[in-house]
Amino acid sequence: MEHSERIFEIIEGRGITSYRLSKATGIAESTFGQWRKCPSSNIRSGNLVLIADYLGCSVDYLLGRTEDSELHQK
């Protein structure tokens, strides 16, 4: 599974639109459109951090490296 597919799976499960995520993170809505049209794992790390912060989860969760959606901070 590509990273963008995981992101869409999460936001759709939470009822969040690409438009809302775009406005909250400052990532162009066209970027989400590109990811939907052509799923990608080539996502800038800064964008992953913005999305993870908005969703309240870790970047590892977005990347599929863990199934633990909780954000663990030291």
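Scroll up to find the structure.
The present account deals with the structure reproduced in this document. (Residues numbered from 1 in each chain as written. Predicted model: local features only at pLDDT ≥ 70, side-chain atom pairs only at ≥ 80, totals over all residues. Heavy atoms only, no water.)

### Details of the packing of aromatic side chains
And then number 1: Following the criterion strictly, the structure yields one aromatic pair and no others.
And then number 2: Geometrically, the ring pair formed by Phe32 and Trp35 is edge-to-face, given 5.2 Å between the ring centres and 85° between the ring planes. One end of the pair, Phe32, and the other, Trp35, are both in helix H3 (residues 29-37), three residues apart, so they sit about a helical turn from each other. Like Phe32, the residue Trp35 is buried in the burial classification. (Phe/Tyr/Trp six-rings, centres within 6.5 Å; stacked < 30°, edge-to-face > 60°. Helix = DSSP H or I, 4+ residues; strand = E, 2+ residues; numbered from the N terminus. Buried < 20%, exposed > 50% of the residue type's maximum accessible area, 1.4 Å probe, protein only.)

### Quick notes on the packing of helix H2 (residues 18-25) against helix H4 (residues 45-55)
And then number 1: Taken N-terminus to C-terminus, the directions of H2 and H4 make an angle of 105°; their axes are 10 Å apart at the nearest point. Regarding the angle of H2 to H4, the classification is roughly perpendicular. Each of Arg20, Leu21, Ala24 and Thr25 in H2 lies in contact with H4, whose residues at this interface are Leu50, Ile51 and Tyr54.
And then number 2: When its residues are assigned to classes, the contact of H2 with H4 shows five nonpolar, one polar and one charged. (Axes fitted to C-alpha atoms, helices over the stretch in contact; angles between N-to-C directions. Parallel < 35°, antiparallel > 145°, perpendicular 65-115°, else oblique. Contact = heavy atoms within 4.5 Å. Nonpolar A, V, L, I, M, F, W, Y, C, P; charged D, E, K, R; others polar.)

### Examining the pattern of salt bridges
Side chains that differ in charge, positive against negative, can pair when their charged atoms come close.
And then number 1: Following the criterion strictly, the structure yields three salt bridges and no others.
And then number 2: The residue Glu12 makes a salt bridge to Arg36 at a minimum N-O spacing of 2.8 Å. Taken as a pair, Glu12 in helix H1 (residues 3-13) and Arg36 in helix H3 lie far apart in primary sequence, 24 residues in all.
And then number 3: What makes Glu12 partly exposed here is its relative accessible area of 47%.
And then number 4: The exposure class of Arg36 is partly exposed, given its relative accessible area of 44%.
And then number 5: Across the salt bridge formed by Arg65 and Asp60, the nearest N and O atoms sit 3.5 Å from each other.
And then number 6: For Arg65, a relative accessible area of 65% puts it in the exposed group. (Salt bridge = Lys/Arg side-chain N within 4 Å of Asp/Glu carboxyl O.)

### Points about the nonpolar core
And then number 1: One finds Ile7, Ile11, Phe32, Trp35, Ile51, Leu55 and Leu62 to be the most contacted residues of the largest nonpolar core, which totals 17 residues.
And then number 2: Where this core is concerned, the elements lending two or more residues are H1, H3, H4 and helix H5 (59-63).
And then number 3: Once residues lying within four places of it in the same chain are set aside, the contact partners of Leu62 are His3, Arg6, Ile7, Ile10, Leu48, Ile51, Ala52, Leu55 and Cys57. (Core = buried A, V, L, I, M, F, W, Y, C linked by side-chain atoms within 4.5 Å.)

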